[in-house]
2 protein chains.
Amino acid sequence: MYGAGDVRVEEVPDPVLQEPTDALVRVVRACVCGSDLHPYHSMPATAEGRPMGHEFVGVVEGVGSQVATLRRGDFVIAPFAWSDGTCEFCREGLQTSCTHGGFWATGGIGGGQAEGVRVPLADGTLVKVPVAEDSALLPGLLTLSDVYGTGYHAARRANVGPGDTVVVIGDGAVGLLAVLSARQLGAERIVLMGRHKDRTDLGREFGATDVVAERGQEGIAKVRELTGGHGAAKVLEAVGHMPAYEQAVGIVRPGGVISRVGVPQYDDAPVGFPSLFGPNITLTGGPAPVRAYIEELLPGVLEGAVQPGKVFDLTIDLDEVPGGYRAMDRREALKVLIRP
Amino acid sequence: MYGAGDVRVEEVPDPVLQEPTDALVRVVRACVCGSDLHPYHSMPATAEGRPMGHEFVGVVEGVGSQVATLRRGDFVIAPFAWSDGTCEFCREGLQTSCTHGGFWATGGIGGGQAEGVRVPLADGTLVKVPVAEDSALLPGLLTLSDVYGTGYHAARRANVGPGDTVVVIGDGAVGLLAVLSARQLGAERIVLMGRHKDRTDLGREFGATDVVAERGQEGIAKVRELTGGHGAAKVLEAVGHMPAYEQAVGIVRPGGVISRVGVPQYDDAPVGFPSLFGPNITLTGGPAPVRAYIEELLPGVLEGAVQPGKVFDLTIDLDEVPGGYRAMDRREALKVLIRP
């Protein structure tokens, strides 16, 4: 990406092993993330550009001398953050705060929207999965790189459990998979706020019991009406823009939780007496440590008990990536699968 | 209070029973709260003034026809919010969000810095205690009106438990009682941030293991040094000003909790990627439902296992209340006990 709206597909040198803890992965499937649309809207034009993509599954093509758990030919899922798997935060399941880790497409590490990626700290980062690279499960497995684990993180951080009433704000892939996750965790009533019918239909399939298409004050009133007047104890915010935050504050029940997984496109927000403090609202969430959830969520995907891969509704080649961004930006595609 | 710095003691009509659920309470002890200093600094001058005080213990002088659990002569603790005790929020222990409740000194209800108060919803609000009105325990019992329960709320909302490392920001009465509460809940290491030696000494007596007098970046560096470099998993913020919030963000460990009980003197605050979202910080807290904690904390006070009443270091008569505000404002007194 060279700037807002300016995505180019370029030939770059193949990645090579640099550290003994590296692995090289040939990308089998990658995708475009809703969060990639944030720079697609706002990135200042640059001369050098930056690599993109933080979700991929692929095959190990080579490993450094210190990589112990992987070998050439292994099929792997790459979480959207790389991590050593051994530091105090990784041991606690907060791999996004790994003291030695980092994120794709920054600091000299490539992005997943590519043919190959150098994976640092491969033992800690990658999860080996016993599937063939032409498996029909690839879309579902790819969601474990980010969107499924991120939706699940929203629900877990809000401590969603049996019988709960949950509101999910946002009908993008993360919001829909937050619905799926809330259902998996036992939520009884799941209100999905979104206004794209094809998406909210998928949300209903994933477990939403109600859909609210209205936004702003009208949406708040509708949700309050559906939740006995006081709002929902658990609100999962899967957008990241200020109106979604305000929406969350408007519909959360006193004593409740707002769990954010949409990357905030704001720094300051209301947290004073009228918004969070007075009604004892808890604000939680952040970048999902999806690495912590892959083992837990994998069986459901492998057994077909859940089909998170249904969020992909457009498949393209690497050359078509600029059009893939455009399609997602115009809401013509929910989530774009890339087949390099 | 007629405006910032303008506190007057005036004769007003005695309160009378208005609703069948009311009780009249003769105030035996009241006090000035750190939060009373907020309007003392910033309240615009008014012609009519407003009553003050939200912490008191006293003796029931009369009850309405529907009051079932109290009678004339009962000694009672009044929590800083009145509540029905029966609504869905009260039943969940969030009496500050009672659907029929409210706060003293607003909406026609008097304040505790007075000789007598009309108490609405007396059955839900007041807690009867078997002590005489000249008991030596009165200061400790009075802290159950607010500051002890508020410090305890901070610790409970942060889920403080055995072995925890906790940082308490603020050496006012609430901060010191947050220290006491964290110790009661089993915290192993308690760092108190405050720079008034007589107060932090009391904090050490209450259980603080370390005191950090530095503020701002220097204070943050010191706390990080004391907590292994990454900060503390549980930060209790008992001030309410923006610098205290920024301090909390600076010293909280990734994945940790900031629990606020200082009434925020700001609306907007940083909650974006660099502050809360990126490191998965949880922001929680609010006005303490002290009513929910009185039964739990009362035995320790009655048995003398804890001495929260030590936060009172100046006792005055009702006529001296303006001087009491001044003494607290100048930090000459930690907390002022009023003997009407």
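Everything numeric in this text was worked out from a predicted model, so none of it was measured.

Asker: Before we go on, may I ask you to explain the UniProt feature "domain: Alcohol dehydrogenase-like C-terminal" (unreviewed entry) in chain A in this structure?
Answerer: In the numbering adopted here, UniProt assigns the feature "domain: Alcohol dehydrogenase-like C-terminal" (unreviewed entry) to residues 173–285 of chain A. Taken end to end, residues 173–285 of chain A has its terminal C-alpha atoms 17 Å apart, with 42% of it in helix and 27% in strand.

Asker: What should I look at first to understand the interface of chain A and chain B in this one?
Answerer: The parts lose accessible area when they come together, and the size of an interface is often stated as this lost area. Facing 39 residues of chain A, the contacting portion of chain B comprises 39 residues. Counting each side, the surface lost to burial between chain A and chain B is near 3100 Å², with a carbon and sulfur contribution of 55%. Taken as a group, Val271(A), Phe277(A) and Asn280(A) account for 22% of the area that chain A buries against chain B, more than any other trio of residues on that side. Taken together, the links from chain A to chain B amount to 4 salt bridges. Put simply, Arg253(B) and Glu92(A) hold a salt bridge, and the shortest N to O gap is 2.8 Å. On the surface where chain A and chain B come into contact, there are 24 residue pairs in polar contact (both at pLDDT 80 or more). At the level of elements, helix H2 (88–91), helix H5 (147–157), strand E12 (252–260), strand E13 (268–270), helix H10 (273–277) and strand E14 (282–285) of chain A are the ones that each hand at least two residues to the side of chain A that touches chain B. Taken together, the 3 bridges between E13(A) and strand E13 (residues 268–270) of chain B define a ladder with antiparallel strand orientation. When the sheet's bridge partners are listed, Asp268(A) is paired in E13(B) with Pro270(B).

Asker: What's the story with the environment of Ser35(A) in this structure? I'm lost.
Answerer: Tracing the sequence through the fold places Ser35(A) in the loop between strand E1 (23–31) and helix H1 (37–42). In this structure, the C-alpha to C-alpha distance between Ser35(A) and Gln265(A), residues 230 residues apart in sequence, is 9.9 Å.

Asker: Just to check I follow, could you spell out the relation of the copies chain A and chain B for this structure?
Answerer: Applying a rotation about an axis and a shift along it to one chain copy brings it onto the other copy. Overlay of chain A on chain B (RMSD 0.0 Å): rotation 180 degrees, translation along the axis 0.0 Å. Here the two chains are linked by the operation of a two-fold rotation axis. When each C-alpha of chain A is compared by its distance to the rotation axis, Leu283(A) comes out closest, at 2.5 Å. Both copies present the same face, since 100% of the interface residues in chain A are matched by interface residues at the equivalent positions in chain B.

Asker: What exactly am I supposed to notice about the UniProt feature "domain: Alcohol dehydrogenase-like N-terminal" (unreviewed entry) in chain A here?
Answerer: The sites that carry the UniProt feature "domain: Alcohol dehydrogenase-like N-terminal" (unreviewed entry) are, in the present numbering, residues 20–130 of chain A. Helix makes up 13% of residues 20–130 of chain A and strand makes up 28%, while its end C-alpha atoms are separated by 25 Å.

Asker: Honestly, helix H12 (residues 321–329) of chain A in this entry has me stumped. Any pointers?
Answerer: Since the α-helix advances by 3.6 residues per turn, residues separated by three or four positions end up pointing in the same direction. Residues and elements named next belong to chain A. Turning to H12, its buried residues are Val321, Gly324, Tyr325, Ala327 and Met328. On an axial view of H12, the arc spanned by its buried residues comes to 165 degrees, and they lie on one face. Where the residues of H12 are buried, they touch H1, strand E15 (314–317) and strand E16 (336–339). At the C-terminal side of H12, arginine 331 shows a positive phi close to 60 degrees.

Asker: Can you walk me through the pattern of salt bridges in this structure?
Answerer: Between side chains of opposite charge, a pair can form as their charged atoms come close. If you walk through the whole model with that rule in mind, you get 32 salt bridges over all chains. One salt bridge in this structure joins Arg253(B) and Glu88(A), with 2.6 Å as the shortest N-O distance. With Arg253(B) in strand E12 (residues 252–260) and Glu88(A) in helix H2, the pair connects residues from two separate chains. Linking Glu205(A) and Lys310(A) is a salt bridge whose minimum nitrogen-to-oxygen distance equals 2.3 Å.

Cut-offs and rules
- Residues numbered from 1 in each chain as written.
- Chains lettered and ligands numbered in written order.
- Predicted model: local features only at pLDDT ≥ 70, side-chain atom pairs only at ≥ 80, totals over all residues.
- Heavy atoms only, no water.
- UniProt positions renumbered as here; feature names shortened; annotations may be inferred.
- Helix = DSSP H or I, 4+ residues; strand = E, 2+ residues; numbered from the N terminus.
- Contact = heavy atoms within 4.5 Å.
- Buried area = accessible area lost by both parts, 1.4 Å probe.
- Salt bridge = Lys/Arg side-chain N within 4 Å of Asp/Glu carboxyl O.
- Polar contact = N/O pair within 3.5 Å; in protein donor to acceptor, adjacent residues only side chain to side chain.
- Pairing = 2+ DSSP bridges.
- Least-squares fit on C-alpha atoms with pLDDT ≥ 70 in both.
- Buried < 20%, exposed > 50% of the residue type's maximum accessible area, 1.4 Å probe, protein only.
- Arc of directions from axis to C-beta.

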